[in-house]
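Close look at the chain arrangement
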Amino acid sequence: MGKIRIAFFDAKDYDIESFNKANVDDRYEITFFETRLSEDTVKLAEGFDVVCVFVNDSIGAKVIDGLVNDGVKLIALRCAGYNNVDIEHAYGRIHIVRVPAYSPYAVAEHAIALLMASVRKIHKAYDRTRDFNFSLSGLTGFDLHGKTVGVIGTGKIGRIFIDICRGFGMNIIAYDKYPAKDSGIEYVELSEIWKRSDIISFHCPLTDENMHMVNDDTIAMMKKGVVLINTSRGALIDSNALLRGIKDRKIGAACLDVYEEESDVFFHDFSGQIVDDDTLTRLISMPNVIVTSHQAFLTGEALANIADTTLANVSEYFENDVCANEICYHCEKVGSCPQAHAHKCF
Ligand code: NAD
């Protein structure tokens with residue numbers, strides 16, 4: 001086979017730099033498209049072997065059919081989450097690989113950065129001192145030591161987040177659909193997380209069953225002043241319920257690296273323009289909300305790992321019968337993919 005041709009969607013300057021560096025000896029022919037992959041842009045993939053996509057590309061049934069018709073063999077996600085891909089429709093039609101881990105430290109440390117900035121009001125202090133306002137009024141924070149943090153999802157990122165929190169002397173409780181055995185973590189029911197936590201941090205994937213797990217009912221169960229940190233996926237939180245919780249003074253602070261409607265806004269520069277999303281603009285206007293635009297993964301180490309693993313996944317797909325990082329509709333239902341990781345999924 002000649003060079004493998006990759007159509008790279010939603011390309012940013014840092015992606016181009018890290019993938020060009022990882023593409024040693026120009027082994028792959030990579031064409032970078034600034035646009036996202038969607039029903040409107042799928043035709044751009046015609047003639048390519050692979051599409052390389054990220055969190056906000058939309059890979060629904062029509063896009064999958066378009067890719068298959070145009071001869072694309074592989075969807076290479078350069079991220080861990082795959083809630084933006086219709087994996088059920090893809091099964092039997094087109095293979096999907098992902099980067100299951102690139103730097104769980106990057107994401108866990110960003111969650112901690114958001115937490116600390118929020119509870120010590122660093123974002124406010126930064127603005128003030130730049131304006132030579134050295135007043136401390138309104139900047140009172142609270143100690144993390146001795147506080148209870150509820151962690152939802154204790155996989156790679158959640159476990160690192162827990163380790164850092166232990167270093168602060170915090171009490172940890174956790175909920176995971178599949179609790180880790182012998183981890184020394186105190187697992188509790190979700191209702192306990194809502195009731196007992198001073199801080200709640202989300203580190204689980206978004207699925208149909210946990211969409212809007214933070215809603216009016218669960219917010220009602222939470223402690224007054226609770227701090228929510230979401231570096232996982234936006235739709236775990238019903239943003240309008242969150243806004244109501246903040247306006248009711250129930251939620252003490254929200255740290256959001258992800259937002260359920262982020263695909264229309266994040267990764268773009270809207271400064272000087274009117275943003276149409278009233279919920280997002282209202283959230284950003286709140287003094288106790290910090291928003292970063294899906295930035296938690298963005299470290300040099302993570303970008304290098306993403307590029308290396310994505311290109312290794314592509315080679316593995318074309319050269320072997322095994323695809324260690326393949327995912328499919330059946331893999332997701334733990335253990336029900338007969339092929340998982342021994343052969344390609346279908
Ligand atoms: P992981 O697969 O190692 O861990 C996920 C954990 O969630 C597992 O322990 C799993 O059992 C648990 N889980 C699955 N379904 C659950 C449910 N319904 N309720 C509670 N727990 C559930 O994944 P990871 O590498 O730790 O990543 C976690 C999430 O972080 C990803 O799914 C992704 O959405 C998000 N993420 C965000 C960024 C970012 O830049 N903001 C980067 C990478 C990953």
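Everything that follows concerns the structure shown earlier in this document.
The notes below deal with the structure included here. The structure displayed is predicted, hence computed values, not measured ones.

1. Points about the sheet that holds strand 3 (residues 50–53)
The strand order across the open sheet built from five strands is 2-1-3-4-5, with neighbouring strands paired in parallel fashion. Every other strand in the sheet has two partners, leaving strand 2 (28–32) and strand 5 (95–97) as the edge strands with one partner each. Ignoring which end each strand starts from, the neighbouring axes of this sheet average 25° apart. Seen against the sheet, helix 11 (residues 300–319) touches strand 1 (4–8), strand 2, strand 3, strand 4 (74–77) and strand 5 and runs at an angle of roughly 155° to strand 4.

2. Digging into the site of the ligand
Near the ligand lie 22 residues; those nearest to it are Tyr102, Lys156, Ile157, Asp176 and Thr231. One of the side-chain N or O atoms of Asp257 is found 3.0 Å from a nitrogen atom in the ligand. Calculation on the ligand without its partners gives an accessible area of 870 Å², and the protein chains cover 87% of this total. Its residues assigned to classes, the shell around the ligand shows nine nonpolar, eight polar and five charged.

3. Let's talk about the sheet that holds strand 9 (residues 226–230)
Read across the sheet, six strands follow the order 7-6-8-9-10-11 without closing on themselves; strand pairing throughout is parallel. Edge positions in the open sheet fall to strand 7 (171–175) and strand 11 (289–291), since each of these has one partner strand only. When the angles between neighbouring strand axes are averaged without regard to direction, this sheet yields 15°. With five bridges connecting them, strand 9 and strand 10 (residues 251–256) associate as parallel partners. Following the sheet pairing, Leu228 is matched in strand 10 by Ala254. Of the strands in this sheet, strand 9, strand 10 and strand 11 touch helix 9 (residues 239–247), which is tilted by about 140° from strand 10.

4. Here we look at the pattern of salt bridges
Considering all chains together, one arrives at 14 salt bridges under this definition. The closest approach of N and O atoms between Asp10 and Arg36, which form a salt bridge, is 3.4 Å. Highlighted residues: Asp10 in the loop between strand 1 and helix 1 (13–22) and Arg36 in the loop between strand 2 and strand 3, separated in sequence by 26 residues. Comparing Asp10 with Arg36 shows no difference in burial state: the two are buried. Of the charged contacts in the structure, one is a salt bridge between Arg93 and Asp65, with a shortest N-O distance of 3.8 Å. Of this pair, Arg93 sits in the loop between helix 3 (87–90) and strand 5 while Asp65 is found in helix 2 (residues 61–69), placing the two residues 28 residues apart along the sequence. Of the residues examined, Asp65 reaches a relative accessible area of 31% and is grouped as partly exposed.

5. What about the nonpolar core?
In terms of nonpolar packing, the biggest core is built from 84 residues, with Val51 and Leu67 touching the most fellow members. Per-element accounting of this core gives the leading share, seven residues, to helix 11. Those residues in contact with Leu67, other than ones at most four positions away along the chain, are Leu37, Val42, Ala45, Val51, Val72, Ile75 and Ile94.

6. Here's the deal with unusual backbone geometry
In the Ramachandran plot, Phe267 falls in the positive-phi region, its phi being about 75° despite a non-glycine side chain. Considering the arrangement of structural elements, one finds Phe267 in the loop between strand 10 and helix 10 (278–285). Accessibility expressed as a relative area gives 18% for Phe267, which makes it buried. With a phi angle near 50°, His294 is a residue other than glycine that sits in the positive phi range. Take His294: its relative accessible area is 7%, and that puts it in the buried class.

7. Some remarks on the packing of aromatic side chains
Within this structure, the stated rule accounts for 10 aromatic pairs. Taken together through their ring pairs, the aromatic side chains of Phe8, Phe19 and Phe32 make up a single cluster. The ring of Phe48 has Arg5 lying over it, and the distance from NZ or CZ to the ring centre is 4.4 Å.

Cut-off values and rules
- Residues numbered from 1 in each chain as written.
- Predicted model: local features only at pLDDT ≥ 70, side-chain atom pairs only at ≥ 80, totals over all residues.
- Heavy atoms only, no water.
- Pairing = 2+ DSSP bridges.
- Helix = DSSP H or I, 4+ residues; strand = E, 2+ residues; numbered from the N terminus.
- Axes fitted to C-alpha atoms, helices over the stretch in contact; angles between N-to-C directions.
- Contact = heavy atoms within 4.5 Å.
- Near = heavy atom within 4 Å.
- Polar contact = N/O pair within 3.5 Å; in protein donor to acceptor, adjacent residues only side chain to side chain.
- Areas by Shrake-Rupley, 256 points an atom, 1.4 Å probe, with all protein chains shown as cover.
- Nonpolar A, V, L, I, M, F, W, Y, C, P; charged D, E, K, R; others polar.
- Salt bridge = Lys/Arg side-chain N within 4 Å of Asp/Glu carboxyl O.
- Buried < 20%, exposed > 50% of the residue type's maximum accessible area, 1.4 Å probe, protein only.
- Core = buried A, V, L, I, M, F, W, Y, C linked by side-chain atoms within 4.5 Å.
- Phe/Tyr/Trp six-rings, centres within 6.5 Å; stacked < 30°, edge-to-face > 60°.
- Lys NZ or Arg CZ within 6 Å of the ring centre and 35° of its normal.

The values are spatial; any link to function lies outside them.
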